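Spelled out from the first residue to the last, the chains are:
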Amino acid sequence: MCIPPPNVTGSLHIGHALTVAIQDALVRWHRMRGDQVLWVPGSDHAGIATQAVVEKQLWKEQGVRRHELSREAFLREVWKWKEEKGGEICEQLRMLGASLDWDRECFTMDTGSSVAVTEAFVRLYKAGLLYRNRQLVNWSCALRSAISDIEVESRPLPGRTELRLPGCPAPVSFGLLVSVAFPVDGEPDAEVVIGTTRPETLPGDVAVAVHPNDSRYTHLHGRQLRHPLTGHLLPLITDSTVQPHLGTGAVKVTPAHSPADAEMGARHGLSPQSVIAEDGTMTSLCGDWLQGLHRFVAREKIMSALRERGLFRDLQSHPMVLPICSRSGDVVEYLLKSQWFVRCREMGHQAAKAVESGALGLHPPFHQKNWQHWFSHIGDWCVSRQLWWGHQIPAYLVVEEQAKGDGEDCWVVGRSEAEAREAAAELTGRPGAELTLERDPDVLDTWFSSALFPFSALGWPQETPDLARFYPLSLLETGSDLLLFWVGRMVMLGTQLTGQLPFSKVLLHSMVRDRQGRKMSKSLGNVLDPRDIITGAELQVLQEKLRDGNLDPAELAIAAAAQRKDFPHGIPECGTDALRFTLCSHGALGGDLNLSISEVLSSRHFCNKIWNALRFILKVLGEKFTPEPAEELSPSSPVDAWILSRLALTAEQCERGFLTRELSLVTHTLHHFWLHNLCDTYLEAVKPVLARSPRPSGPPQILFFCADIGLRLLAPLMPFLAEELWQRLPTRPGCSPAPSICVAPYPSAHSLEHWRQPELEQRFSQVQEAAQGLRALRATYQLTKARPQVLLQSSEPGEQGLFEAFLEPLGTLGHCGAVGLLSPGVAAPSGWAQAPLSDTVQIFMELQGLVDPQTHLPLLAARRHKLQKQLEDLLAQTPSHGAAETQRQQRLSSLQMELLKLDKAASHLRQLMEEFRPREC
């Protein structure tokens, strides 16, 4: 298995912690089962993000821009930054307890990865799956680079919205629909009105399109229109993709700046006109009055010109989706660029087929629909990036040569310049030494090297022992948000380059959100560093981290206020084990994970409970304790047999949870065993037995096995706590102990199944219900310290025998004194409280001498008044729907039940007063 390589730019967030917690739990479980396990660590060079961070640092510290340095000098600065900052991720991974194979740590820009990237590019090119072409790409003007689809954030706008953008002197309004008139040539009063949200692209319009069946424009088919800015003649074309019911039914066609328009332009043979440059300014094609202006400054100038010419028709608020570069915050432009593209259709078909045939399993299975849809509509992948940091594309332009027959530039590809020169000589028919080659200055998309990670990390393209032994991987576990952009590309390139699927199973976990269900975002102030949860952090420290980030002043103010509201007292120390346990408790299935610090804190309290339980057990065992062999262990009481049965069931359910990778089942099972079975029930029930002198030998042996097996079951999820406590347990004679719990055998369900007694567990569950009923009856009469006698009566003779074996633990767990049985049909002693346990079982509790009716009746009345007020308030609420109404009804039922109990108790106390009131002679 390999870790999804986190970006080297910064620190891990809580989403990374979820990935690590799940992967490490699975890895540790397999390791404890005796499997040979390899878990490869690595980090991603994150081309755009890293370059942006280093550029900001250079400007901040040295006042130097990237282009003022040579490429080599800038790259030295990046490597220097990486060496200084790159260790932070490793520190976090170690703090999270990640048991990675650190000697195999790799980086997507190290020598081995660079060789793999070059080899992959060459092989894809030779297979006809890589080509260079001039096409529309997502372009970030702030970064001056193409960006991938995953780096484009689709931001919905409800209508008019002002945004501050990098490089723009003033806020820019979006969510506005501008209506512009295109005069019909030769008809002074005729015009076609179009609507646009991007008036800055008007200079690039080459046509106006309408639907062929739109009767409003039938008479204009074949006519020409005057461009409202230049006066040039544009054709009115008909195209069935135009939606006549939207707006005026007429649309401007700008092939150089719109993907949809580019397709339409290609169908109609229209030549694109690029009017926005790489830096976001207007090009010379716009004329002197616009050339060099920022595109959004030009927008306002164009609007003014339309008004002056009388061709502006309307401006209205308009809902829209705005593409934003997630790296820079700038609005994404679509520009025509000559770039390298990977043909994805055939590889995508194979990836879809792999899931359809079952060769590749996606879990949870509902992700299969997205997978099939994406690959059935996949386009070619632009892999060129106009950066300096990254894998430079191994392609070379043959200067002053053109490809045969088409007049295009002549490009060759090679693993080295020498190999490329040989290819150029063969292509041109000229001696290689006479040719001038210029290497493409662009670098490859970071996702290209990430897609090779499962096999490049194992030494591919070399035939290494690791590659032979561990490839394909057994499992790929990652966040569901990376299913298509990373997992899909690994499957495509892995299958193409190695002839095998890179893994046969993919486990996808949910997105982590805050307790309010919001996406983690720096601008919201809710991004959590796992270290702050593990060690705790004061509010002042959290606020300083925000200030040290890259937020602009407005975002910083919002984030800081939100952080003060969410964490007014900072974050309490929770520990690694509590964080891991909480994250794994949500599992991989279902919706997003809404994480709250209070939930992690609850897991810390659970850790404390385990710690205290082991302190008690170790005290009971003492220094001279010698564990018996497991096969000789014999329970001395039904309660001993019950806890061993529960322990065996816990091992069975944990094994099932790990096999199905439902870690939430494992955490729930362990929480229930340690907290409810062991601590709340068995330890309490066995304390009176352990207090006897001489102490029986059976319970300490039972306690040892519960601790030993329970800690080993817990170890994959809570490695630090389990290790610390397990090392304190006595060792078994005659066997050499494992040096660490992480390599001790994981308890198997098969080895413990002889302890399973489901019928005993069923019987004891009735005893636990009886104990709960006794505690509730004690609470009703407010018997805080007294230990009243109790009688149980059943109308079913068989049930009498069921309770008879558990009378002592029933008294202990019910916080009562002696517990006896009352034969069917026999009346209970006078003055005893009565409560039904079931249709066939009644419980009676002694009250005489323990309760003063005159003191307790006013207390019961006060409690009744309080509960009655709560009931009336609930009844006065307007009924709602769904979960809220279900919760309200449950609360109503609970209050009504409690009131009935109080009424019955009050009636009984009044009866007691009557029975024991002195009679007059």
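Thresholds applied
Residues numbered from 1 in each chain as written. Predicted model: local features only at pLDDT ≥ 70, side-chain atom pairs only at ≥ 80, totals over all residues. Heavy atoms only, no water. Helix = DSSP H or I, 4+ residues; strand = E, 2+ residues; numbered from the N terminus. Contact = heavy atoms within 4.5 Å. Areas by Shrake-Rupley, 256 points an atom, 1.4 Å probe, with all protein chains shown as cover. Lys, Arg positive; Asp, Glu negative; His and termini not counted. Charge placed at Lys NZ, Arg CZ, Asp CG, Glu CD. Axes fitted to C-alpha atoms, helices over the stretch in contact; angles between N-to-C directions. Left-handed = near helix turned anticlockwise from the far one by under 90°. Nonpolar A, V, L, I, M, F, W, Y, C, P; charged D, E, K, R; others polar. Pairing = 2+ DSSP bridges. Buried < 20%, exposed > 50% of the residue type's maximum accessible area, 1.4 Å probe, protein only. 1 Å grid on protein atoms, 1.4 Å probe; cavity = no way out; pocket = protein on both sides within 12 Å on 5 of 7 lines; lining within 4 Å. Points joined across faces, edges and corners; volume = space filled by probe spheres on them. Salt bridge = Lys/Arg side-chain N within 4 Å of Asp/Glu carboxyl O. Phe/Tyr/Trp six-rings, centres within 6.5 Å; stacked < 30°, edge-to-face > 60°. Polar contact = N/O pair within 3.5 Å; in protein donor to acceptor, adjacent residues only side chain to side chain. Arc of directions from axis to C-beta. Expected span 1.5 Å × (residues − 1). pLDDT = per-residue confidence, 0-100.

Draft legend 1. Structural detail: the overall build of the protein. The helix and strand tally for the protein stands at 29 helices and 31 strands. When the backbone C-alpha atoms are referred to their principal axes, the protein occupies close to 125 × 70 × 55 Å. Sequence separation of at least 24 residues holds for 75% of the intrachain contacts in the protein that already meet a minimum separation of 6. As displayed, the protein has an accessible area near 42700 Å², and 50% of this comes from carbon and sulfur atoms. Separation between the mean location of the 91 positive side-chain charges and that of the 105 negative ones in the protein comes to 4 Å.

Draft legend 2. The arrangement of the packing of helix α19 (residues 597-621) against helix α22 (residues 698-714) in detail. At a closest axis distance of 10 Å, the pairing of α19 and α22 adopts a crossing angle of 145°. Note on packing geometry: the crossing formed by α19 with α22 is left-handed. Counted together, I610, L614, I617, V620 and L621 of α19 and P700, L703, F704, A707, L711 and L714 of α22 form the full contact between these two elements. Residues of the contact of α19 with α22, tallied by class, amount to eleven nonpolar, no polar and no charged.

Draft legend 3. Structural context of the pairing of strand β3 (residues 130-140). Alignment of β3 against strand β16 (residues 333-342), held across ten bridges, turns out to be antiparallel. Its bridge partner being in β16, W139 is matched across the sheet by E333. Of the pairings in the sheet, the one linking β3 to strand β4 (residues 145-146) comprises two bridges and is antiparallel in character. Looking at β4, one finds that S140 is bridged to S145. Linking β3 to β4, which pair antiparallel, is a turn of four residues; within it R144 sits at a positive phi near 55°.

Draft legend 4. Geometry of unusual backbone geometry. Here the bond from H363 into P364 is cis, since omega is 0°, no more than 30 degrees from zero. Looking along the chain, the bond that leaves W460 and enters P461 is cis, with omega of 15°. Looking at where P461 falls in the secondary structure, it is placed in the loop between α12 (453-456) and α13 (465-470). One non-glycine residue, H815, adopts positive backbone phi at about 55°. With respect to the element layout, H815 can be found in the loop between α27 (807-813) and β29 (819-822).

Draft legend 5. Up close: the environment of P431. For P431, the location among the structural elements is in the loop between α10 (417-428) and β22 (437-439). Using a relative accessible area of 44% as the deciding quantity, one classes P431 as partly exposed. When the C-alpha atoms of P431 and D24 are compared, they prove to be 56 Å apart, with 407 residues separating the residues in sequence.

Draft legend 6. Spotlight on the layout of surface pockets. Looking at the second largest pocket, its volume works out to about 1400 Å³. Around the second largest pocket, the lining is made up of 42 residues, and of these G195, T197, V251, S258 and D261 lie nearest the centre. Among the elements of the structure, β5 (152-157), β8 (176-183), β9 (191-196), β13 (250-253), α6 (259-268), α7 (295-308), β15 (320-325) and β16 are those that each provide at least two residues to the lining of the second largest pocket. Broken down by element, the residue count for the lining of the second largest pocket peaks at five residues, all from α6. Along the lines of polarity and charge, the residues of the lining of the second largest pocket split into 20 nonpolar, 15 polar and seven charged.

Draft legend 7. Region of the structure containing the pattern of salt bridges. Summed over the entire model, instances satisfying the criterion amount to 41 salt bridges. With a shortest N-O distance of 2.1 Å, K337 and E278 are connected by a salt bridge. In this pair, K337 is assigned in strand β16 and E278 in the loop between α6 and α7, connecting sequence segments 59 residues apart. For E278, a relative accessible area of 37% puts it in the partly exposed group.

Draft legend 8. Focus on the sheet that holds strand β12 (residues 233-238). Taken in spatial order, the four strands line up as β11-β12-β10-β13 in an open sheet, and their pairing is mixed. Pairing within the sheet leaves two strands with one partner each, and these edge strands are β11 (224-226) and β13. On average, each strand axis in the sheet is inclined to that of its neighbour by 35°, with strand direction left out of account.

Draft legend 9. Structural context of the packing of aromatic side chains. On inspection of all chains with the given rule, the structure shows 25 aromatic pairs. Between W79 and F107, the ring centres sit 5.8 Å apart and the planes meet at 80°, which makes this aromatic pair edge-to-face. Residue W79 is found in helix α3 (residues 71-85), and its partner F107 is found in strand β2 (residues 106-107); the two are separated by 28 residues along the sequence. Using a relative accessible area of 31% as the deciding quantity, one classes W79 as partly exposed. Overall, F107 belongs to the buried group, its relative accessible area being 6%. Aromatic side chains W374 and F485 sit 6.3 Å apart centroid to centroid with 65° between the ring planes, which places their arrangement in the edge-to-face category. One end of the pair, W374, is in helix α9 (residues 367-376); the other, F485, is in helix α14 (residues 483-498), with 111 residues separating them in the sequence. Among the aromatic residues, those joined into a cluster by ring pairs are F121, Y125, W340, W381, W411 and F448.

Draft legend 10. Up close: the side chain of H391. Note on placement: H391 falls in the loop between β19 (384-385) and β20 (395-402). Residue H391 is classed as buried on the basis of its relative accessible area, which comes to 6%. Engagement of the side chain of H391 in a polar contact is seen with the backbone oxygen of T108, the distance being 2.5 Å. The contact partners of H391, leaving out residues within four places of it in the chain, are H45, T108, M109, S113, S114, V117, D442, V443, L444 and S449.

Draft legend 11. Spotlight on α9. Within the span of α9, buried status applies to H367, W371 and F375. Buried positions in α9, seen along its axis, are confined to an arc of 60° and lie on one side of it. Of the residues in α9, the exposed ones pointing more than 90 degrees away from the buried face are K369 and H373. The inward-facing, buried residues of α9 contact α8 (345-357), β17 (361-363), α14 and β25 (505-509).

Draft legend 12. Looking closely at α19. Helix length check: α19 (25 residues) gives 36 Å between terminal C-alpha atoms against 36 Å at 1.5 Å per residue, within 8%. Along α19, the residues classified as buried are I597, V600, S603, F606, C607, I610, A613, L614, I617, V620 and L621. Contact partners of the buried residues in α19: α15 (530-535), α18 (576-585), β27 (593-595), α21 (663-690), α22 and α23 (719-726).

Draft legend 13. Structural view of the packing of α19 against α21. Relative to each other, α19 and α21 sit at 30°, their axes nearing to 11 Å. The way α19 lies across α21 gives a crossing that is left-handed. Residues F606, K609, I610, A613, L614, F616, I617 and V620 of α19 form the contact with α21, whose own contacting residues are L670, H671, W674, L675, C679, D680, L683, K687 and L690. Class assignment of the residues belonging to the contact of α19 with α21 gives a composition of 13 nonpolar, one polar and three charged.

Draft legend 14. Fine view of the sheet that holds strand β31 (residues 841-845). Pairing is mixed across the open sheet formed by four strands, whose spatial order is β29-β28-β31-β30. A strand with exactly one partner marks an edge of an open sheet, and here the two such strands are β29 and β30 (833-836). Across the sheet, the mean angle from the axis of one strand to that of its neighbour is 25°, orientation sign disregarded. Strands in contact with helix α26 (residues 797-804) are β28 (790-794), β29 and β31; relative to β28, the strand with the most contacts, it is inclined by about 145°.

Draft legend 15. Quick look at the environment of Q316. Examined against the element boundaries, Q316 turns out to sit in strand β14 (residues 312-317). On the basis of relative accessibility, which here comes to 38%, the residue Q316 falls in the partly exposed class. Sequence separation between Q316 and L143 is 173 residues, and the spatial gap between their C-alpha atoms is 32 Å. Other than its neighbours up to four places away in sequence, Q316 contacts G175, L176 and L177.

Draft legend 16. Geometry of the confidence of the model for the protein. Averaged over the protein, the pLDDT score is 91; the fraction of residues at 70 or greater is 97%. Per-element averaging of pLDDT across the protein places strand β26 (residues 512-514) at the bottom with 79 and α23 at the top with 98.

Draft legend 17. The arrangement of the environment of Q896 in detail. Secondary-structure assignment places Q896 in helix α29 (residues 882-915). For Q896, a relative accessible area of 40% gives the class partly exposed. Each C-alpha atom of the pair Q896 and L871 lies 7.6 Å from the other, and the pair is 25 residues apart in sequence.

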